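# Coordinates in review
Residues per chain are reported as follows:
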Amino acid sequence: MLLLKNADIYGPAPVGRADILAAGGRIVALEPGIRIPDSYVETFDAAGLIAVPGFIDGHVHITGGGGEGGYATRTPELVLSDAIRGGVTTIVGCLGTDGVTRSLAALLAKARGLDAEGISTFMYTGYYAVPVRTLTGSIEQDLLLIDKIVGVGEVALSDHRSTQPTFDEFARLAAEARRGGILSGKAGVVNVHMGDGRRGLSLLRRILDETEIPPTQLLPTHVNRNPTLFQEAIAYAKTGGQVDLTTSTVPAFLEEGEVACGRGLCAMLDAGVDASLITFTSDGQGSIPDFDEQGRLRGLQVGRVTSLFAAVRDAVLQARVPLATALQVVTANPARILKLRGKGELAAGADADIVLLEPETLEINGVIARGRWLMKTREVVAKGTFE
Ligand SMILES: [Fe+2]
């Protein structure tokens, strides 16, 4: 058992000063003045710190991604401490462009490995291509038979690397994800990789206009990658569509017009988008090509899970988005959209996934996952098996 005393709690909505009692990996009480004899519980004085739900990163290439510049550019796997440093206690793993040398079997094994090391993991079936390659033969079966699979993705649209699926192919895929989701009690969300192509979100809008599939079934990602797509995403979200902004970036991309997530969140809220429809994900371990002014490939960088909360911090400290609203996009919103029960909130009955933040700077001071310390007083205290 672990008792956090006197934290300033955002659950993510502001709760005020209270104590959190965790037992068996869950929060069993959240109220002021909890008293338990020290012989039964580890008591930690969190006075002066802000306690928030552990962050959910819904799009991470945990087995590595990339390879788009040849074999030598395949990016490495995520290690546990990458997640810990970013305050990420729940990850949804996915494949990307490469569904040949990266497999769903490896993704499932990696997800299970991270789970055994101490964080919570889920995954998407499929990769960029349509028809999608699955683990058991169909999206529907994968959702029904594999506990960790919560949806399908990242399916690529409006991108030179996509399989150029037709509307009918994409609609059939979304329908199958919906049916599998309903039958398994999961989200069955289609995570859609959006490229820079002119068609933008048109296939998603047609799903909403021409089929019975609701907007909750679709989650387009990378919508901040250029100003045109970003404006289209604002219009899409204003009609009820869910949208995901990618936090991993490099200065060159921002100079070319990519919308930084902190500023992007602020702009979406100013435009009247319902905050509950917006999520951030890191695209962690994906490759980020870095080009010089002449457009020559200077090198490749790797997306970082730590960019997720860095973007939330930017939203609060630079774009002046209220802390509770900014936290929502990496806690309550992804938990609801992906139906991750017990995740994304601090409340009695929820999983004891907690991040402690320093006031003013919002630096991460502590990370607890399922009741266990992973970072304590700024020191990473848990390691992956081979770290
Ligand atoms: Fe992507």
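Residues numbered from 1 in each chain as written. Predicted model: local features only at pLDDT ≥ 70, side-chain atom pairs only at ≥ 80, totals over all residues.

### Notes on the overall build of the protein
Worth spelling out the cut-off: Helix and strand assignments come from DSSP, with helices taken as H or I runs of at least 4 residues and strands as E runs of at least 2, each series counted from the N terminus. Computation of the radius of gyration draws on C-alpha atoms alone. For the globule rule, the value is 2.2 Å times the number of residues to the power 0.38. Exposure classification rests on a simple neighbour count of other C-beta atoms within 10 Å of a residue's own: a residue reaching 20 or more is buried, one at 12 or fewer is exposed, and one in between is partly exposed. C-beta atoms are placed from the backbone.
Secondary structure summary: the protein contains 11 helices and 19 strands in total. For 387 residues, the compact-globule formula gives about 21 Å, and the C-alpha radius of gyration of the protein, at 20 Å, lands near that figure. Principal-axis analysis of the C-alpha atoms places the extent of the protein at approximately 65 × 45 × 45 Å. The buried share of the protein, taken over its 387 residues, is 51%.

### Focus: the domain arrangement of the protein
Note the cut-off: Segment limits for the domains were obtained from an automatic or database-derived domain assignment. Basically, the charged four are Asp, Glu, Lys and Arg, the nonpolar ten are Ala, Val, Leu, Ile, Met, Phe, Trp, Tyr, Cys and Pro, and anything else, Gly included, counts as polar.
On domain assignment, one finds that the protein holds domain 1 (2–52 + 342–380) and domain 2 (54–337). Elements represented by at least two residues in the side of domain 1 that touches domain 2 include exactly strand E16 (354–357), strand E17 (364–369) and strand E18 (372–376). For the side of domain 1 that touches domain 2, the class distribution of residues is 14 nonpolar, one polar and four charged.

### Comments concerning the sheet that holds strand E11 (residues 218–221)
Applicable threshold: Following DSSP output, two strands are said to pair if at least two bridges run between them. Axis angles are defined between N-to-C directions and span 0 to 180 degrees, where every axis is a line fitted to C-alpha atoms and, for a helix, only to the segment in contact.
Spatial ordering of the open sheet is given by E6-E7-E8-E9-E10-E11, a layout of six strands whose pairing is parallel. Edge positions in the sheet fall to strand E6 (55–60) and E11, since each has one partner strand and no second. Ignoring which end each strand starts from, the neighbouring axes of this sheet average 30° apart. Sheet topology note: the strand E8 (residues 120–125)/strand E9 (residues 149–157) ladder contains three bridges and is parallel. Residue pairing for E9: methionine 123 is matched across the bridge by isoleucine 149.

### Concerning helix H4 (residues 167–184)
Put simply, the test is: By definition here, a helix of n residues has an expected span of 1.5 Å times n minus one. The contact criterion used here is simple: two residues whose C-beta atoms, placed from the backbone, lie within 7 Å are in contact.
Here H4 contains 18 residues, and its C-alpha end-to-end distance of 26 Å stays within 8% of the 26 Å for a straight helix at 1.5 Å per residue. All buried positions along H4 are accounted for by Phe170, Leu173, Ala174, Glu176, Ala177, Arg178, Gly180, Gly181 and Ser184. Those residues of H4 that are buried are in contact with helix H3 (139–145), E9, strand E10 (189–194), helix H5 (202–210) and E11. Phi turns positive, to about 70°, at glycine 185, one or two residues after H4.

### Considering the pairing of strand E12 (residues 243–246)
Burial along E12 is two-sided: the face carrying Val243 and Leu245 and the face carrying Asp244 and Thr246 are both buried. Across four bridges, the pairing between E12 and strand E13 (residues 278–281) is parallel. Looking at E13, one finds that leucine 245 is bridged to phenylalanine 280.

### Quick look at unusual backbone geometry
A cis amide bond links glycine 11 to the next residue, proline 12, at an omega of 10°. Note that proline 12 resides in the loop between strand E1 (2–10) and strand E2 (14–23). Residue glutamate 154 follows glycine 153 across a cis peptide bond; omega there is -10°. Within the element layout of this structure, glutamate 154 appears in strand E9. In this structure, glutamine 285 takes a positive phi of about 70° despite not being glycine. Along the polypeptide, glutamine 285 turns up in the loop between E13 and strand E14 (287–291). For glutamine 285, a count of 25 C-beta atoms within 10 Å corresponds to the buried category.

### A look at the packing of helix H8 (residues 261–270) against helix H9 (residues 307–317)
Short version of the rule: Small angles under 35 degrees read as roughly parallel and large ones over 145 as roughly antiparallel, with 65 to 115 read as roughly perpendicular and the rest as oblique. In this scheme, a crossing is called left-handed if the near helix is turned counterclockwise away from the far one by less than a right angle; it is called right-handed if the turn is clockwise.
At their nearest, the axes of H8 and H9 sit 7 Å apart, and the two run at 55° to each other. Classed by the angle they form, the pair H8 and H9 counts as oblique. Crossing angle aside, the handedness with which H8 passes H9 is right-handed. Across the interface between the two elements, Cys261, Gly262, Leu265 and Cys266 from H8 touch Ala311, Asp314 and Ala315 from H9. Of the residues assigned to the contact of H8 with H9, the class counts are five nonpolar, one polar and one charged.

### Quick word on the pairing of strand E3 (residues 26–31)
Looking at chain direction, E2 and E3 are connected through five bridges and run antiparallel. Across the sheet, the residue bridging to alanine 23 is arginine 26, located in E3.

### Describing the nonpolar core
The criterion, for reference: A set of buried residues drawn from Ala, Val, Leu, Ile, Met, Phe, Trp, Tyr and Cys, joined through C-beta atoms within 7 Å, is what defines a nonpolar core.
Counting residues in hydrophobic clusters, the biggest one holds 111 residues, and the most contacted among them are Ile20, Ala51 and Val190. Counting residues per element, this core draws most heavily on E9, which supplies six residues. When residues of this core are assigned to domains, at least three map to each of domain 1 (2–52 + 342–380) and domain 2 (54–337). Not counting chain neighbours up to four residues away, the residues in contact with alanine 51 comprise Leu4, Ala7, Asp8, Ile9, Ile20, Ala46, Leu346, Ile354 and Leu356.

### What to know about the packing of H4 against H5
Two elements in contact, H4 and H5, have axes separated by 10 Å at closest approach and are oriented at 65°. As for how H4 packs across H5, the hand of that crossing is right-handed. Taken together, the residues of H5 that come into contact with H4 (itself represented by Phe167, Phe170, Ala171 and Ala174) are Leu203, Arg206 and Ile207. Residues that form the contact of H4 with H5 fall into these classes: six nonpolar, no polar and one charged.

### Re the environment of glutamate 232
Of note, glutamate 232 is situated in helix H6 (residues 227–238). Along the primary structure glutamate 232 and serine 202 are separated by 30 residues, whereas in three dimensions their C-alpha atoms are 9.4 Å apart. The residues touching glutamate 232, leaving out its near neighbours within four places in the chain, are Gly200 and Leu201.

### Section: helix H2 (residues 104–117)
Over its 14 residues, H2 runs 20 Å from end to end, which matches the ideal 20 Å to within 8%, given 1.5 Å per residue. Within H2, burial applies to Leu104, Leu107, Leu108, Lys110, Ala111, Leu114 and Glu117. Its buried side turned inward, H2 meets helix H1 (80–85), strand E7 (88–93) and E8. Positive backbone phi, approximately 135°, marks glycine 118, located one or two places after H2.

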